[in-house]
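# Commentary on secondary and tertiary structure
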Amino acid sequence: MVRIKFTQALKRFYPDLQTLELEVNMVSEVIQGIEDRYPGIRSYILDDQGQVRKHVNIFVDGKMINDREQLSDSLAANSEVYIMQALSGG
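In this report, the structure presented in the accompanying data block is examined.

## Focus: unusual backbone geometry
Positive phi is not limited to glycine here, since aspartate 61 has a value of about 50 degrees. Within the secondary structure, aspartate 61 sits in the loop between strand S3 (56-60) and strand S4 (63-64). Classification of aspartate 61 by relative accessible area gives partly exposed; the value is 47%. Non-glycine residue leucine 71 carries a positive phi angle of around 60 degrees. By the secondary structure assignment, leucine 71 is in the loop between S4 and strand S5 (80-85). For leucine 71, a relative accessible area of 4% puts it in the buried group.

## Re the sheet that holds S3
Spatially, S2-S1-S5-S3-S4 is the arrangement adopted by the five strands of the open sheet, whose pairing is mixed. Single-partner strands in this sheet number two, and they are strand S2 (20-22) and S4. Against the sheet, helix H2 (residues 27-37) contacts strand S1 (2-6), S2, S3 and S5, and its axis sits at roughly 125 degrees relative to S2.

## Quick look at the pairing of S1
Of the two faces of S1, the one holding Val2, Ile4 and Phe6 is buried and the one holding Arg3 and Lys5 is not buried anywhere. Across four bridges, S1 lies against S5 in parallel orientation. Following the sheet pairing, phenylalanine 6 is matched in S5 by isoleucine 83.

## Here's the deal with the nonpolar core
Grouped together as the largest cluster of nonpolar side chains are 26 residues, with contacts concentrated most on Ile4, Ile34, Ile58, Val81 and Ile83. Elements with a contribution of two residues or more to this core: S1, S2, H2, S3 and S5. For this core, the element with the most residues is H2, which contributes four residues. Apart from the residues within four sequence positions on either side, isoleucine 58 is in contact with Val27, Ile31, Ile45, Val52, Lys63, Met64, Ile65, Val81, Tyr82 and Ile83.

Thresholds, definitions, all that
- Residues numbered from 1 in each chain as written.
- Predicted model: local features only at pLDDT ≥ 70, side-chain atom pairs only at ≥ 80, totals over all residues.
- Heavy atoms only, no water.
- Helix = DSSP H or I, 4+ residues; strand = E, 2+ residues; numbered from the N terminus.
- Buried < 20%, exposed > 50% of the residue type's maximum accessible area, 1.4 Å probe, protein only.
- Pairing = 2+ DSSP bridges.
- Contact = heavy atoms within 4.5 Å.
- Axes fitted to C-alpha atoms, helices over the stretch in contact; angles between N-to-C directions.
- Core = buried A, V, L, I, M, F, W, Y, C linked by side-chain atoms within 4.5 Å.

Set out below in C-alpha cells:
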C-alpha cells in the first residue's frame, strides 16, 4: 500500500484530511484516490489543465516527481507520497 501524507496547509481547507493508504501504481491514481475521499481537493492540487499547480509540490519517497503534467511517475508498493503547498510571502 502506498502511504499519502499532506501538509498542514491543506488541512485548513479539509479539516478531516488524514494520511491515506491506497493501492495505486502512479501519481495520477493517487490524485484520483484523494479526490474520491475528499471531493474538490483536486482543484487545490491540480490546475484547470490537470497539471500540478505551481504552488504545490508532490514528493515520492523523498524526491520531487518528474512529471508535473501527466502525473505518470510510478510508485512502488510501499512508496510514501507527500503533497505540500509551497508557502509564499515576505
